[in-house]
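Architecture at a glance
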Amino acid sequence: MNIITDNATLLGLVPNVEITVEGERTLYEKITPWLVMAEHWVSYSFTGDAVLATIAAAPTTTVWHQVATLIAHEALRRAIPHLDLVLTPNGFGVVSNQTVAPASKERVERLIASCRAQRDHSMELLLASLTSRPEWQSTSQRAWFNVTLLQSPRDCVEAVYGADFASDRWEAFLQLRDAARVVEAEIAEKWVSEALMTRLRCALSAYPMVADDVNLALHVRRCVLDELAGKPRNCRALDRIVNHVRQQPEEYPEWAESSTAELWAPPVFRNTKESKGYFF
């Protein structure tokens, strides 16, 4: 592991943990397998190995704290159901003693939910921080997020499910991404074009950002989110977006040269001797 390497670091990230006595296993020792899995998940899904190594080398930075908090709470979330169980010759038993009573099922579930909420908050902060790191721009992780206009749970979960959404934001985000790809493909085909849609997706995580591209991307994303929330497709808003783009062909050559642009090119009528009528 590169980020959380000892018990003191872990305890600084996870509050309300009793100090262990001599001879007792530390929390770090108890959840090491889950810490390993959580760090691998962060590297695979968000940072990539090279960027994570760079972050690990600067443990006093904000982004390091975001990564460490994300790893600690994801590891604890996974480990909690196993921490109070021991395997005996007669099967599984619950750890207990005369001074500390086992927590109720409801309290354990609330603790898991709290870890998940803190994990999701740290994840959203980390994704925002990564966009300003030039070395992240060429990673496969960034390419994965650029597949749709929905590039963070913060972009979409509350917009679709409401501000009181309290379930797993990461899982909800993955489901919304799948649905968004279908909607975006239809919007690209009839309005924006696939080439310009690709440019707008990349604009949301580019460094440095191009303000005009980001603004246009946000308008298109708003249409996608409204549709995912159950509203009818806002064709009028999409028409306005196309009118803005077609009036600036030098700024958006991808659209001007696309087959989608041909759908918006009005036919030109010419009078000929064979015509049954004349157009003035």
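My aim in this report is to walk through the structure given alongside it, one point at a time. (Residues numbered from 1 in each chain as written. Predicted model: local features only at pLDDT ≥ 70, side-chain atom pairs only at ≥ 80, totals over all residues. Heavy atoms only, no water.)

Take the overall build of the protein next. Secondary structure assignment for the protein yields 13 helices and 2 strands. With 280 residues in all, the protein has 41% of them scored as buried. For the protein, the computed accessible surface area is about 16300 Å², with 54% contributed by carbon and sulfur atoms. (Helix = DSSP H or I, 4+ residues; strand = E, 2+ residues; numbered from the N terminus. Buried < 20%, exposed > 50% of the residue type's maximum accessible area, 1.4 Å probe, protein only. Areas by Shrake-Rupley, 256 points an atom, 1.4 Å probe, with all protein chains shown as cover.)

Turning next to the side chain of D120. Inspection of the secondary structure assignment puts D120 in helix α5 (residues 105–130). Sequence-distant contacts of D120, defined by excluding residues within four places in its chain, comprise S167, D168, R169 and W170. (Contact = heavy atoms within 4.5 Å.)

Time to look at the pattern of salt bridges. Tallied over the entire structure, the rule returns 17 salt bridges. The partner of R169 in a salt bridge is E124, and the shortest N-O contact between them spans 2.8 Å. With R169 in helix α8 (residues 169–192) and E124 in helix α5, this pair connects stretches of sequence that are 45 residues apart. Exposure remark for R169: the relative accessible area of 12% places this residue in the buried category. Between R221 and D155 there is a salt bridge; the shortest N-O distance is 3.3 Å. A residue pair is termed long-range when its members are at least 10 positions apart, and R221 in helix α10 (residues 211–228) and D155 in helix α7 (residues 153–161) qualify at 66 residues. (Salt bridge = Lys/Arg side-chain N within 4 Å of Asp/Glu carboxyl O.)

The end-to-end C-alpha separation of helix α2 (residues 27–47) is 26 Å, well short of the 30 Å expected for 21 residues at 1.5 Å each. Along its length, α2 shows its largest kink, about 55 degrees, at P33. Immediately downstream of α2, the backbone of G48 shows phi near 85 degrees, a positive value. (Expected span 1.5 Å × (residues − 1). Bend = angle between axes of the 7 residues up to and from the residue.)

Going through the model one piece at a time under the given rule, you end up with 9 aromatic pairs. Between W41 and W170, the aromatic rings sit 5.9 Å apart at their centres with planes inclined by 85 degrees, giving edge-to-face as the arrangement. Pair noted here: W41 is in helix α2 and W170 is in helix α8, with a separation of 129 residues, a long-range link. Take W41 and W170: they sit in the same class, and that class is buried. Both rings, one in W170 and one in F173, keep their centres 5.6 Å apart while their planes meet at 40 degrees; by these two values the pair is tilted. Separated by 3 residues within a single helix, W170 and F173 lie in helix α8, roughly one turn from each other. Side by side, W170 and F173 carry an identical accessibility label, which is buried. (Phe/Tyr/Trp six-rings, centres within 6.5 Å; stacked < 30°, edge-to-face > 60°.)

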